[in-house]
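Descriptive structure summary
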Amino acid sequence: MLSEAHARKADWGLLIADRDNGETLLDLNADHYFTPASNAKLFTSVFALATLGPGYRFRTTLEATAALDSEGKLAGDLLLIGRGDPDLSNRKFPFIGKVEPDGPTDRILAEMADAAVARGLKEVDGDIVADDRYIPFDPYPAGWSIGDLFFTFGAPVTAISFNDNSVTITISPGAHAGDPAVIVIDPAEAAAGFTQQITTSPPETDPQLAVVRQPGPNFLLLRGSVPLAHAPVKLDLAITDPAETTARTLKHLLEARGVEIKGIRVEEAPAPQALKPGEAPVLLSPDSKTAEETSAANARVLAEHLSPPLLESVRVLNKMSQNLHAELLLRTVAREKTGIGSTEIGLKLERDFLKSAGVAEGDTVLTDGSGLSTNNLVTPRAVVALLQYAIHQPWTPDFMATLPIAGVDGTLEDRLKGTPASGLIQAKTGGLEHVHALSGYATTVGGEYLVFSIFVNNDPQKGRDSTAAIDAIALAMVETLGAPVNHK
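Residues numbered from 1 in each chain as written. Predicted model: local features only at pLDDT ≥ 70, side-chain atom pairs only at ≥ 80, totals over all residues. Heavy atoms only, no water.

1. Observations concerning the sheet that holds strand 2 (residues 24-28)
- Read from one edge to the other, the open sheet built from five strands follows the order 2-1-19-18-17, with strand pairing classed as antiparallel. Sheet topology places strand 2 and strand 17 (425-432) at the edges, where each strand pairs with a single neighbour. Each strand axis lies, on average, 5° off the axis of its neighbour in the sheet, ignoring direction.
- Pairing of strand 17 with strand 18 (residues 435-443), which is carried by eight bridges, proceeds in the antiparallel orientation. Following the sheet pairing, Gln426 is matched in strand 18 by Tyr441.
- Lying on the sheet, helix 11 (residues 465-480) is in contact with strand 1 (11-18), strand 17, strand 18 and strand 19 (449-457); it crosses strand 18 at an angle near 15°. (Pairing = 2+ DSSP bridges. Helix = DSSP H or I, 4+ residues; strand = E, 2+ residues; numbered from the N terminus. Axes fitted to C-alpha atoms, helices over the stretch in contact; angles between N-to-C directions. Contact = heavy atoms within 4.5 Å.)

Shown next, in the form of structure tokens:
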């Protein structure tokens, strides 16, 4: 496969080893650096599971700054305090490998509004404050392309993350050619983040839609047309102001329940301070408390939402390659361990963890948690070392179950289907422009267990062609390695 004309022009790195004893079975440039794309999520998810534990839960609260009076009036602000929950959405849990909705997009916020009203809230003589200070305001990691930022995979990283910080825009034609298109936005309050100029075109034409970046508060401009009588067209884009959108949504929900509110505002933490060269983050002692935890002891909590266990978030992260989840997990570890949830501190803690897990120092250069940054570099050997560490942990079966299964689910659902490798490979995919990766575990047709990492960089192929060589290698791996000897 690697002698094919396109493959010869690309850079390849492979390492395949026996999962149980670590014996190297195939090594091609295993100590060279490669851009890992979403294979970086393997490092983030193992780091988070090892540090926070599979049962860790994120907590989001609705808190009053004063006691309610006898009439249900709050003389002050109502705080929505986010603490990095990546699943403040209507995603159905337990997650079984594909996204399924469970109620309306704002279901969790509606439940919190119901709980606050049940506690007697009738009027807020102040604002709804979206408290986004759990992590420093640093929504876009270094190395993300500006072209990524308006798509869902480039959604900003915020402590209050509502609906994966994404908006679905459904565009339908008007009644007559030339009429404005009919636009439906979910969540509706995200409409303030963009403008649109979309009309209805004559029938038997193609939809013509473009997303244009523009300066100013309405960062996105949607332009184009949709043909008369055409089926609705859906666009999924990033919300440019997640905390503000969440506050507006909560305000609408409370007002629909009869609660009077003056307005909304957002409180962000300052931008993170960089560590000095060689400086290590200060770890919190077990008995120390952050200012937030101290104030929480006296808080008047009107509603609380606890996320599913961390393992479920990791499952979404790996099965669907969810970038926002990965970035929030990296920052949450930093916050839990040091009281400062910055990317830089998370990466410093991750480097220390990887060293203790048997990954050679210098084999990884990671600049984000998701792999969307083109600044990331790892070796295939580093990935295999990480996966061999993970196979010996108490949560090993749970972690393996978060990985896509070839021909079955997640980002591998349509790959290697109908081949002998279907169902035998559990691995994380990765893809950026000219970058593709596949790393994980495999069971051979002979019943032996493997751990592997396959990278290709500077690959000119696109679409299915871009993964054909990787899939052929993976198929050969399970068919030939460890296969029983034919004595005929």
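2. With respect to the pattern of salt bridges
- All chains considered together, the criterion is met by 27 salt bridges.
- Asp31 is the salt-bridge partner of Arg381, the closest N and O atoms lying 2.6 Å from each other. Here Asp31 lies in the loop between strand 2 and helix 2 (40-52) and Arg381 lies in helix 9 (residues 380-390), a separation of 350 residues in the sequence.
- For Asp31, a relative accessible area of 47% corresponds to the partly exposed category.
- Among the salt bridges present, the one from Glu255 reaches Lys251, with a minimum N-O distance of 2.6 Å. Of this pair, Glu255 and Lys251 both sit in helix 4 (residues 242-256), four residues apart, which is roughly one turn of that helix.
- On the basis of relative accessibility, which here comes to 36%, the residue Glu255 falls in the partly exposed class.
- Its relative accessible area of 19% is what places Lys251 among the buried residues.
- Several salt bridges converge on common partners, so that one network encompasses Asp77, Asp127, Asp131, Arg133, Arg265 and Glu267. (Salt bridge = Lys/Arg side-chain N within 4 Å of Asp/Glu carboxyl O. Buried < 20%, exposed > 50% of the residue type's maximum accessible area, 1.4 Å probe, protein only.)

3. Quick word on the packing of aromatic side chains
- As enumerated under the stated definition, the model contains eight aromatic pairs in all.
- Following the ring pairs from residue to residue traces out a cluster consisting of Phe47, Phe353 and Tyr389.
- The cationic tip of Arg19 hangs over the ring face of Tyr449; the distance from NZ or CZ to the ring centre is 4.3 Å. (Phe/Tyr/Trp six-rings, centres within 6.5 Å; stacked < 30°, edge-to-face > 60°. Lys NZ or Arg CZ within 6 Å of the ring centre and 35° of its normal.)

4. Re the nonpolar core
- Among the nonpolar cores identified, the biggest contains 59 residues, and Phe43, Val46, Leu310, Phe399 and Tyr441 are the most heavily contacted of them.
- Discounting chain neighbours no more than four positions away, the residues touching Phe43 are Glu350, Leu354, Thr364, Leu366, Val378, Ala382, Val383 and Leu386.
- Ranked by size, the runner-up nonpolar core spans 27 residues in total, among them Met112, Leu250, Val259 and Ala303. (Core = buried A, V, L, I, M, F, W, Y, C linked by side-chain atoms within 4.5 Å.)

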